[in-house]
Each structure stands twice: as structure tokens, then as C-alpha cells.
Amino acid sequence: MQNMGCGDSVNSRGAIYILYGTTSGNSSRLAYQFADEVAKVLFIPKVVNLSEFNPALLKDQLCVFIVSTYGVGGPSDDSKEFFAWMMSEDRQKSELIGTKYLVFALGNTNHQHFCGMGEKVNDRLQFMGAKRIREIGRANAANDTTEQDYNNWISSGVVDLLSKEVEIKQLPAQDVQKLASLYQIIEGKGEPRQNLQFHAQKYVDSTLFEIEDIQELRKNSSRGNSTLFISLKSQGQYKAAQNIAIYPENSDHFIQLIANQLGLDLNYSFNFVNEGKIPFPTPITVYDYLKKFCDFLGPVTKKQLYELSKLTEDLQQQKELEFASSHQGKDEFRDKFKNTKQNFLYLLQKYKIRNLTLNQLIELCPLIAPRFYTIASSPLKHQNIHLLVSQLIVDENRIGLTSDYLRIQKVGNKLRGYIQDSSFVYPKNPQAPIVLIGPGTGLAPMRAFIQERDEYIERDKLDQSPFQGQMTLYFGCRNQDDFIFENELKEYKENGTLHQLLVAFSRIGDKKHVTDLFAQDLLQLSQFMDLGGVIYVCGSAAMVGQKGSTIFGLQKGTRI
């Protein structure tokens, strides 16, 4: 945007509100990416988390909703109040006349109610009289195509459609600057700021869970072939197979690298001077910001490429970054940055960027999002919360942020996090037969349900259990050394808690995957579903595959 004096006026289409709801950060990332797209055609994008939703934001405005689905077709945690307002019987058919909107929905076809939250937003806004500019867009995480689906949506002409809805006008420069204002910081400790954005408040309100036990479960673990068992002291009641969100932190090694690259003083303390809600608690030192909040090791965004193109002194590099950040350069972005899993620190080092300010760093880097794990224990059997954590390999030189964080933890250390419901819920009919499919760490929710059933049997109260029907477990791993909880699971088979325990080894013997096992039982499983049985699945889309899709399509009662 050009420099503007107080008395100047500039060409602009005015404000467009981009409202997002997110759990893992994908909707937030796409919301800011979309903001860059519309800024190029002279809109002034205002990105708003749905936790800060106010009905006045929608009235007579141009709005774009980018929303994730959580659980069984429901809202993400930050969207719950908006969802309640939207679905309320108090809503009127005429209250949003004059509002224009688009919806881009994120979901996963391995789950029930694909893009359910986005579908509900789309339908309810139309019910309230808002004008839908075009049909809903959808992104599917099942095959890791969210970014591609978003690019296809942009390619379909949504930005041009939005441009046609609002003419370019001369607006006072001062008004435009106010709309487009970014975070501003000042040195000094100052008073703690209380007006935190939703996810910052979520962090502050989270719990510290003390590690009581941490150990490697695989007999011959190696890099990328590791499963940690972590036992956390519970700070209150939890439920079997709920989710626990864990906040990882950057290592001091990488913090020192980025500080050296940008010449940052790790002891420098700063505060925000902006009005309104802020993205993380202040006052804060640069070290604590980089440690707890700055996701400089996460996936590269197009916004980062575009902004860094302005800072490199090499003309060829400038053109390369600018092109990769554009819609026309989507293939280059995919091949050079996304598929190679580059991060922001890598960009700074490769393109020799040293003139990025702390302000710009805060603007360009998203916040570290919590990682969600399904609890692998039942509170009826264990007061502590059990986790199963596999190690994520990013490339030959680097493991994932949380993997790196958890591998150095010891007994007595504390992990910051919070508990919330997952999509793994008890069957509506407690007498329904149950099939559990959980290869590798996908065993986590299955183990919790097995323990729940076992404890009711031990107490001679099976008639009060949510799992009264027969229970079968399909488990898969590479070889005998990777058969986690082998003795425990075999004991559950011996004592009758499990009706069947079916194990596939992919690297020894017949070299079968878990999908091969239940593919052999296709007819039996089909009859099982016809009798009201429930199948629970925890695993990746690759694990499910075509065979799994055939089975899971038998009935909508499947939970993945």
C-alpha cells in the first residue's frame, strides 16, 4: 500500500471480513492466505477469529467464512459461541438481508458429516437472508489435499466474484490505515494485558500435567520408529478416549539460530500498544515469545514468501519468492516449499534475510498450535492419563516440533495442555457388538474402551457398561518388536474382555496389513453392521485405503 498522508484519499473496495474457526491452525493459515489474495484487488481484509464474533460484523458486510469441522459435524472450540448464536431459534429470516458471503469448509471424508460445520454456516446464513455469492467450497484432509483444494477454489474465480460485488471508491487514507493496522510493540515490561484473543486465553487457562512415567514401548526403537508411553497425573476427572491437547515448545537450539539470523536480543522485553485483543500474553521477552508462541518451524505460507521477497537484495530471489507466493506459482510453491517441508527459519537462512523486524516476525509467523492426542486409558482403571505418541519425521535432518519436544522430557517435568471431547463416543446402544480397528498408536482410544469394558467385568457390573456387546480388536504393526501392549491385550483376550484379538504384521510372516485382515472378513463385517454393530477406527487415510473405504461405507455408524 502506498504511503498516505492524513489528508490523502486512496482507491479501495473497503473492508472484507474473513472469519475463521480452527482447531489445528489450518483454517487460520488459509484465512490469512485469502486475505493476501483479496488485498491484491484493493480490498482491506479484516481477519477475525470466530471467538470474537459480534453479530454487528455481519450486518451489510461482505464476509468470507473459512471454518473447520470438529467432532461429529460440529464447531471447533473457538466457534462454539458463534455456532450457538447461529443455530438459535431466535434467528430471523430477514436479519442478515444486505450481507453477502462465501463459505470455504475444511473437513475429512474419513469422518462422519464431512465439512458439517461449513454446511451449517452456509445454510443458516442463507436462512437469515444473507446473499450467497457462490456454492460452498470444500477441502478434504483425508488425503492431505487441503492446500490443493484451497488452490482449486481460488482458481475457480472466487476473488473475481467478490470484486464484482464492490466497486472501487476513493476512501480517506486515514480510514484505510486504521482498517489495515497491524500489531505495534514497545519496549518495556509494563502492566500485563488481560484482553487476550481466544487461543491465547486458552493457553493461559490450560493446565500443567506432571509426567509420572515416560518410556519407549518398542523393543528396538530407532529414529522415526518410536512410540512413547507417557503417563500424566490427572488434574481432574477425564473420560476414556477424550482428547488431550499438548502445547509443544521450540528448542533452545533453534531459538538461538533464528535470534542470530535476525540479530534479536533474547532478553528484550516488549508489550503491545494496540487496542483490542492481543495474540499472546505480554509483557514478554523475545526468548519466551520464540519458545512458547512463534511457530517458525511450521509449514511455509505464501504470505511469508511474498513478504520476504521485499526484503531480499537479490533480484532473482525476489522474483522467485514473489512468483511462488502468487496463485500462478502454485506448482512452484508445492514442489519447492510445501512438498519439501520447508519452514520459515529455512527461508531466512537460504535467502539471507537479516532485516526482518520483531514486528514483522510476529505478523508473519503463526502461533504454535497445540497437538491433540486421544487418551489411551480409562479413568475407571487408571487415575493417570495415558498417551501413546509416535515420532514424526519431517526430513532426513529434522523430526517434528512435538516429537523433538517430547523426546527430551523426563519424569517430574510438566506439560501444558487441556482436555476436550473427541469424536470417540460411547455407542448409543450399549448392547451393540463392537469392532475396534487401531494399528500402531491408533490403538490409543481402543485401549481406553477395552479398559472401560474390562473394569465393568471385574466389578461384575457388565450390565451397566456402555460396552456390553462382544468386542473385537484389529491391530497392526510391522513386526513382533512393534507389538505394543502385547501381554496386556492377550490378557484381555484370555479373560473374555476381547472376543477376538486379530493382529497383522506387515514385515514378517504373510506380511499383511490390518486392512488385509478385515478385508478377509468383509461378509462377516457386513452382517455385523446389519445387526447394529459399531466400528471404531483410528488411523490415517493411507491405512484406511480403498479396502477400508469399502467397509466403512457399509453404514454411517462407523467412527474414524
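Our subject is the structure listed above.
Description of the structure in this document.

1. Comments concerning the environment of Arg 223
Working step 1: Summarising the element assignment, Arg 223 is placed in the loop between β11 (207-216) and β12 (227-232).
Working step 2: Arg 223 gets classed as partly exposed once you look at its relative accessible area, which sits at 45%.
Working step 3: Considering only alpha carbons, one finds Arg 223 and Ser 156, 67 residues apart in sequence, at a separation of 42 Å.
Working step 4: Those residues in contact with Arg 223 that lie beyond four places of it in its chain are Gln 391, Ile 393, Asp 395, Glu 396, Asn 397, Arg 398 and Ile 399.

2. Thoughts on helix α5 (residues 158-165)
Working step 1: Taken residue by residue, α5 has Val 158, Val 159, Leu 162 and Ser 163 as its buried positions. Mapping the buried residues of α5 onto a view down its axis gives an arc of 140°, with all of them on the same face. Residues of α5 that are exposed and point more than 90 degrees away from the buried face comprise Asp 160 and Lys 164.
Working step 2: Contacts made by the buried residues of α5 are with β2 (14-21), α1 (26-39), β3 (43-49), β4 (62-70), β6 (100-107) and α4 (146-155).

3. Some thoughts on the sheet that holds strand β20 (residues 414-420)
Working step 1: Reading across the sheet, the six strands line up as β16-β13-β20-β11-β12-β17 and stay open at both edges, with antiparallel pairing between neighbours. Lying at the two open borders of the sheet, with one neighbouring strand each, are β16 (371-374) and β17 (385-390). The mean angle between the axes of side-by-side strands here comes to 40°, regardless of whether they run parallel or antiparallel.
Working step 2: Most of the contacts of helix α16 (residues 443-458) go to β17, to which it runs at about 155°, and overall it touches β12, β16 and β17.

4. A closer look at the environment of Glu 486
Working step 1: Structurally, Glu 486 is set in helix α17 (residues 486-494).
Working step 2: Through-space distance from the C-alpha of Glu 486 to that of Thr 441 is 13 Å; in sequence the pair is 45 residues apart.
Working step 3: Sequence-distant contacts of Glu 486, defined by excluding residues within four places in its chain, comprise Lys 219 and Gln 480.

5. Some points on α16
Working step 1: If you check α16, its first and last C-alpha atoms are 22 Å apart, about what 16 residues at 1.5 Å a residue would give, namely 22 Å.
Working step 2: Burial runs high along α16: 14 of the 16 residues are buried.
Working step 3: Downstream of α16 by one or two residues, Asp 460 has phi in the positive range, about 60°.

6. Digging into the nonpolar core
Working step 1: If you look at the biggest cluster of nonpolar residues, it comprises 46 residues, and the most contacted ones within it are Tyr 289, Leu 290, Phe 296, Phe 344, Leu 356 and Leu 361.
Working step 2: Counting residues per element, this core draws most heavily on helix α8 (residues 252-262), at five residues.
Working step 3: Phe 424, Ile 434, Cys 477 and Val 534 belong to the second largest nonpolar core, which has 31 residues in total.

7. Overview of the side chain of Thr 227
Working step 1: Its place among the elements puts Thr 227 in strand β12.
Working step 2: A residue is classified by how much of its surface remains accessible, and Thr 227, at 2% relative accessible area, is buried.

8. A short note on the sheet that holds strand β14 (residues 269-272)
Working step 1: Overall, antiparallel pairing links the three strands, which are arranged β10-β14-β15 in an open sheet. Both outer strands of the open sheet, β10 (185-187) and β15 (284-285), are each paired with one neighbouring strand and no more.
Working step 2: Two elements, β10 and β14, share three bridges in a ladder whose sense is antiparallel. Across the sheet, the residue bridging to Ile 186 is Asn 271, located in β14.

9. Describing the packing of aromatic side chains
Working step 1: On inspection of all chains with the given rule, the structure shows 29 aromatic pairs.
Working step 2: Arranged with centres 6.2 Å apart and planes meeting at 85°, the rings of Phe 372 and Tyr 418 form a pair that is edge-to-face. Residue Phe 372 is located in strand β16, and its partner Tyr 418 is located in strand β20; the two are separated by 46 residues in the primary sequence.
Working step 3: A relative accessible area of 24% places Phe 372 in the partly exposed class.
Working step 4: Aromatic rings pair up to connect Tyr 203, Tyr 247, Tyr 268, Phe 270, Phe 272, Phe 280, Tyr 289, Phe 293, Phe 372 and Tyr 418 into one cluster.
Working step 5: Lying over the aromatic face of Tyr 203, Arg 416 brings its terminal NZ or CZ to 4.8 Å of the ring centre.

Reading the values: the criteria
- Residues numbered from 1 in each chain as written.
- Predicted model: local features only at pLDDT ≥ 70, side-chain atom pairs only at ≥ 80, totals over all residues.
- Heavy atoms only, no water.
- Helix = DSSP H or I, 4+ residues; strand = E, 2+ residues; numbered from the N terminus.
- Buried < 20%, exposed > 50% of the residue type's maximum accessible area, 1.4 Å probe, protein only.
- Contact = heavy atoms within 4.5 Å.
- Arc of directions from axis to C-beta.
- Pairing = 2+ DSSP bridges.
- Axes fitted to C-alpha atoms, helices over the stretch in contact; angles between N-to-C directions.
- Expected span 1.5 Å × (residues − 1).
- Core = buried A, V, L, I, M, F, W, Y, C linked by side-chain atoms within 4.5 Å.
- Phe/Tyr/Trp six-rings, centres within 6.5 Å; stacked < 30°, edge-to-face > 60°.
- Lys NZ or Arg CZ within 6 Å of the ring centre and 35° of its normal.

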